Amino acid sequence: MEEQYNPQALEQAAQAHWRDNNSFAVQRDDAREKFYCLAMFPYPSGKLHMGHVRNYTIADVIARYQRMQGRNVLQPMGWDAFGLPAENAAIANNVPPAQWTAQNIQYMREQLQQLGFAYDWSREIATCDPDYYRWEQWFFTRLFERGLAYKKKAEVNWCEHDQTVLANEQVIDGCCWRCDNPVERREIDQWFFKITDYAEQLLDDLDSLEQWPEQVRTMQRNWIGRSEGVNLSFELNGEPLQVYTTRPDTLMGATYLALAPQHPVALAAARDNAELAAFIDAQSKLEVKEEAMATMEKLGMDTGLTATHPLSGEQVPVWVANFVLMSYGSGAVMSVPAHDERDFAFARKYDLPIVQVIARRGEGHDYDPTTWQDWYADKQDVVTTNSGEFDGLDFQGAFDAIADRLESLGKGSRAVNYRLRDWGVSRQRYWGAPIPIINCDDCGAVPVPEQDLPVVLPTEVEFEGVGSPLKQMPSFYETTCPRCGGAATRETDTFDTFMESSWYYARYACAHNDSAMLDDEANYWAPVDQYVGGIEHAILHLLYARFYHKLLRDEGLLNSDEPFTRLLTQGMVLKDGAKMSKSKGNTVDPQALIDRYGADTVRLFSMFAAPPEQSLEWSDSGVEGANRFLRRLWKLAAAHIAGGNAPALDRAALDRAQRDVRRKIHETIAKVGDDYGRRQTFNTAIAAVMELCNELGKLDDSAQGRAVLDEGLRAVVLMLGPIVPHTCHALWPALGGAGDVLDAPWPAVDESALARDSIEMVVQVNGKVRARMDVASDADKDSVQQLALEQDNVQRFLEDVTVRKVIVVPGKLVNIVAN
RNA sequence: GCGAGUGUGGUGGAAUUGGUAUACACAAGAGACUUAAAAUCUCUCGGCUUCACGGCCAUGCGGGUUCAAGUCCCGCCACUCGCACCA
C-alpha cells in the first residue's frame, strides 16, 4: 500500500473497478428487500454546482448505507432536459437547444462519474428523448379520453412588443425582461389537468406520509387550501349571482358584492359604461402573482347595479374590485366589511356601509367601525348580533342555521372549496414535449392516435429571438385531422416541464421498455423509499408527482398510492452567507476542488459542514480540514499495516485504556448507524468517527493495543464507506477485508464491549453544577445520593441552608434542592 | 400580504425524549521539528474574575412553566425560503 494518500490515483482505480464489475447495475431480486433511493434529477444547465454535489452525495450515502444493510438498492440518474434556459442559450450562442442540452449532459455525466456516485447508468433517461416523452403524450391522450385533460382560457403574461408569452421569472417589475415594455395579462386557450378532482385525496393522503418533513406536509396542506363554506345566490336582474363564502354566519352583514374584473357580469356592465371598461382594462394590465395581489392597493368601482340579498331582500350595490380572483370560487364575493379585513379597508375607502353582525364579550371588544381589530374576524368566543332571527348564535350555530335556511329556500348549498386550481400544462415554448393534439375546424381538438406517437419535436430550428419557432414551422403544424381526414393544424404549445419530472421516478424501473409506459418492474421498485431534493420543490414538483402517481394508479399502471415514502429536503449551499450566484461572484466550482483534493474530500466536507436539511456555509479552509482528516486516516492505516498482521484480540487481556477505546469503537458503530439510518445527520456521524480516530491514534504499540487498533480501523473504514467510498475501497483490502467494501455488511455492535464499571455523574445544587463524581454503574439511588451529598464543593453550598428535595436521574445527575 | 423556517463562541456547527451548554472541525495564538518555509506533531482557545481551588455571566430580545429550559409556552426583533410559466 502507498504511504502517501493519493486521491487522484485511488479514485480512478476505484471508479474503473466499479465500471468493470458493473457494481451498481441492479435487477429484481425477490430474496432481498428492495430499496429505491433517488435524488431529484438535474436540469442539464452546463456543469455541476455545489447544490448538485450536496444533493447527490446525500442520496449516495443513503444508498450505499442501505446496500451495506443487505438491501437490493436501485439508485438511477437522468436528466430533466426540457426547459427555458436551453432556449435562452440558443439565442445567446446560436446553438440549437437539443445540441446545447446534449453537450451539457455529456459533460455533467462525466462529473457525476468523477464523484463516484453509485448509479445504475444503464437506466439513464433524458426527458427530451422522444422515447421518453412519447409515453407522456400517450398518457395525455388517455387523460383526455377520461375527461381529466381539458381546454379552457387562462391568463398569461403577454409582451405586446415581443409578441410572446413570458414566464413569471421573465417579468421584472411588471415589465418584459428583454424589451422592458409593460407586461399585460392576456387570455388564451390552454390545456389543464383536473388536479382539483384529486384535491381531497392529495390532502387526505398527506397524513400517511409519516416520513416526510412536517414542514412540507403543512405547505402542501395550505397550498391545497380546503375550506368549508356555502355557495349562495344573490339575485341580479332576475338572474342568480353566485358567491362563495366561508362565513355564512356573517351573511346578514353583507352590504355589497365585489366582482373580479373578469367576471361576466362586470364585463357586461362595462359594455355601456366607458369608465368601468377603462377600469377593468387597467386592471388587466397588472401582474397576477399572488404576492402582487396581496400587497397592491385595493381598488374598485361601482357598476351601478344592485343585487337582492337572499335573506333580507335588501338591495346591495355591486362593485368590481381588483383583489377578487376570477380563478377562485365563482369570481364574486359577498362583502362583509365589519368582519373581513380586506372588505373593511375597501368599505372605508369607498364609504360603503359597515354593519356589525358579530359581537364579543369582554374588555377591549367594543366594535369601532373606524378601526380594524383582529377579533372582528374571530370564529371563537363570538355571538351573532343585528341578524334578526339568527341572533345569539355561536359560529357553528349561525353557520348551520343560515346554511339550512338558504338550502330550504333553494338559494344556496354547503360546499367545499379548494384554493388549489387546475394544473395548466400548456406552455407557449419551443423546448418541451409537443402536446399531442390536432385542431380541426370540424372535429375540434382531436388527440393524436397512439400509432402516430410520438409527436417528435423538430430539433433543427432557427431562433429568431422571440416566440416559439414551432409557430413559424408549417412543416410541423400542417397536418390532417385523424378523425375526418381534412386539413388541420397541430398544437404548437408544449408541455410544462413539471410533466416530465412527475413520473420519471417510475420510468427508471423500466427505462427501455418501448411497448409500455410502465410495467411490472415499476411496481417492484415503486414507491421510492428515499427521495432527496431541494426544499424549493416542497410544493409544486412534489404535489404534481403525487397527483401523477394517483393518475397512473387509476390507469392501472401502478398499484401504490404515493410515490415517495421518505423525503429528505436538503438546504441550500451558501458562500459568505448568501446563495451562490454568478451575479454575486461568490460561486465555488466543484470541479476545481475535485481536481485539487479528490472527490472524497469534497464529499466529506459537504456532509460534514452542516446537517442535510440546513443551509450549508461553504468554507475553503473547511475543505482543507476534510482533506487533512483523510490524510491522517490514511497515515494511521498505513503505519498499522506496515507493522504486519495484528495479533488476535483477547478481550480478557485488555488494559483499562484499551477497554475504553474498544468501548468507544462500539459506541461509535451504534451511533453512526443511527445517524445514517434514522436521524440522517451525517455531520454528527462524521464527528463521531473523527473522535474515534483521535482515540485510536492514542493506542499503545502493544500486541493488544494493535489488536484493538485493527478492529477500530476496520470499523472506521466500514463506517466511512458510504461517505468516502474511493478511499475506503482502497483501505479495505489493505486491512485484510474480504471483497469490496461496498458489499461488506455493516459492522455489528459488541454489546459486551459497551459495559462500564463506573459512570461519571454530575451533582447540582439548585440546578447549578457543583461537582462531578465517579459512581459504580450498579449503584442504587440511595448510595448515589449519599455520595453526592458528601462532595466537598457540594458541602460548601449546603452550609446555612436546608435540603428540601434530592432528585436523582440515574446515570446522569443528582440535583439537590435547598434553601 | 400570506405560508414555512432559522437565530448557540471569532467561524461552520454539537447537545437525539426537558437533565453536564459549546462535542467535532475551521480560524487564531504559543511551542516542537527545520538553515528557512510549507507540511506534520503538541498545547491554549466563550466573556469577566481569582495566585490557585473556585466563582459570576452567557444559547437573538422580554416574560412564563419546572427541582432543572438552547430544548416547552406567550409576546417581540432580525434574517432566509416559497407563492402557480425558473428548475
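Given the structure is predicted, the values throughout are model-derived calculations rather than measurements. (Residues numbered from 1 in each chain as written. Chains lettered and ligands numbered in written order. Predicted model: local features only at pLDDT ≥ 70, side-chain atom pairs only at ≥ 80, totals over all residues. Heavy atoms only, no water.)

A. View of the protein's contact with RNA strand B. Close to RNA strand B lie 67 residues; D80, N168, K671, R678 and R772 are nearest. At 3.4 Å from a phosphate oxygen of RNA strand B is found a side-chain nitrogen or oxygen belonging to T497. The separation between a sugar or linking oxygen of RNA strand B and a polar side-chain atom of E691 is 3.0 Å. Here the surface near RNA strand B is composed, by residue class, of 21 nonpolar, 21 polar and 25 charged. (Near = heavy atom within 4 Å. Polar contact = N/O pair within 3.5 Å; in protein donor to acceptor, adjacent residues only side chain to side chain. Nonpolar A, V, L, I, M, F, W, Y, C, P; charged D, E, K, R; others polar.)

B. Examining the sheet that holds strand β2 (residues 72-74) more closely. Read across the open sheet, the four strands follow the order β2-β1-β26-β27; overall the sheet is parallel. Looking along the sheet, the strands with just one partner apiece sit at the ends: β2 and β27 (564-570). Here the average twist between neighbouring strands, direction ignored, is 20 degrees. Where strand β1 (residues 34-39) lies against β2, three bridges are found, and the strand directions are parallel. Within β2, the position partnered with F35 by the bridge is V73. Packed onto the sheet, helix α2 (residues 50-68) meets β1, β2, β26 (528-534) and β27 and runs at close to 175 degrees relative to β1. (Pairing = 2+ DSSP bridges. Helix = DSSP H or I, 4+ residues; strand = E, 2+ residues; numbered from the N terminus. Axes fitted to C-alpha atoms, helices over the stretch in contact; angles between N-to-C directions. Contact = heavy atoms within 4.5 Å.)

C. Representation of the nonpolar core in the model. Core analysis: the largest hydrophobic core is formed by 175 residues, its most contacted members being F193, M517, L552 and W618. Counting residues per element, this core draws most heavily on α2, which supplies ten residues. With residues near it in sequence (within four places) discarded, W618 still touches M50, V573, L574, K575, M580, V588, L593, F605, S606 and V623. Counting 31 residues, the second largest nonpolar core, distinct from the first, contains L251, A307, A332 and F395. (Core = buried A, V, L, I, M, F, W, Y, C linked by side-chain atoms within 4.5 Å. Buried < 20%, exposed > 50% of the residue type's maximum accessible area, 1.4 Å probe, protein only.)

D. Structural context of helix α8 (residues 264-271). Those residues of α8 lying buried are V265, A266, A269 and A270. Along the axis of α8, the buried residues cluster in a sector spanning 140 degrees; they form a single face. Facing away from the buried side of α8, by more than 90 degrees, are the exposed residues P264 and R271. Where α8 is buried, its residues touch β10 (226-236), β11 (239-245), β12 (256-259), α9 (274-284), β13 (300-308) and β14 (315-321). (Arc of directions from axis to C-beta.)

E. Quick peek at the pattern of salt bridges. All told, the structure shown has 45 salt bridges when counted by the stated rule. Across the pair D30 and R28 runs a salt bridge, and its minimum N-O distance is 3.6 Å. Looking at R28, the relative accessible area reads 37%, which means it is partly exposed. Notably, a salt bridge pairs E214 with R217, separated by 2.8 Å at the nearest N-O pair. Taken together, the residues span about one helical turn, with E214 and R217 both in helix α7 (residues 214-224) at a distance of three residues. Given the relative accessible area of 44%, E214 is considered partly exposed. Since its relative accessible area comes to 10%, R217 is described here as buried. (Salt bridge = Lys/Arg side-chain N within 4 Å of Asp/Glu carboxyl O.)

F. Expanded view of the side chain of Q15. Tracing the chain through its elements places Q15 in helix α1 (residues 7-20). Residue class for Q15 comes out buried when judged on its relative accessible area of 17%. Apart from residues lying up to four places away in sequence, Q15 is in contact with Q113, Q114, L115, G116 and H726.

G. Seen up close, the packing of aromatic side chains. Applying the stated criterion to the full structure yields 48 aromatic pairs. For the ring pair Y150 and F192, a centre distance of 5.9 Å and an interplane angle of 25 degrees mean the geometry is stacked. Pair noted here: Y150 is in strand β5 (residues 149-159) and F192 is in strand β9 (residues 184-193), with a separation of 42 residues, a long-range link. F192 gets classed as buried once you look at its relative accessible area, which sits at 7%. Plain terms: the ring middles of W319 and Y350 are 5.0 Å apart, the flat faces sit at 45 degrees to each other, and that makes the pair tilted. In this pair, W319 sits in strand β14 while Y350 sits in helix α11 (residues 341-350), placing the two residues 31 residues apart along the sequence. Y350 gets classed as partly exposed once you look at its relative accessible area, which sits at 24%. The aromatic ring of F323 is capped on one face by K298, whose charged end is 5.9 Å from the ring centroid. The positively charged end of R770 is found above the aromatic ring belonging to F797, 3.7 Å away from the centroid. (Phe/Tyr/Trp six-rings, centres within 6.5 Å; stacked < 30°, edge-to-face > 60°. Lys NZ or Arg CZ within 6 Å of the ring centre and 35° of its normal.)

H. Structural detail: unusual backbone geometry. Note the cis peptide between L453 and P454, where omega equals 0 degrees. Mapped onto the secondary structure, P454 falls in the loop between β22 (444-447) and α13 (474-477). Here D351, not a glycine, exhibits a phi torsion of approximately 60 degrees, which is positive. Tracing the chain through its elements places D351 in the loop between α11 and β16 (358-359). Positive phi is not limited to glycine here, since Q680 has a value of about 55 degrees. As for its position among the elements, Q680 is in the loop between α21 (656-679) and α22 (682-696).

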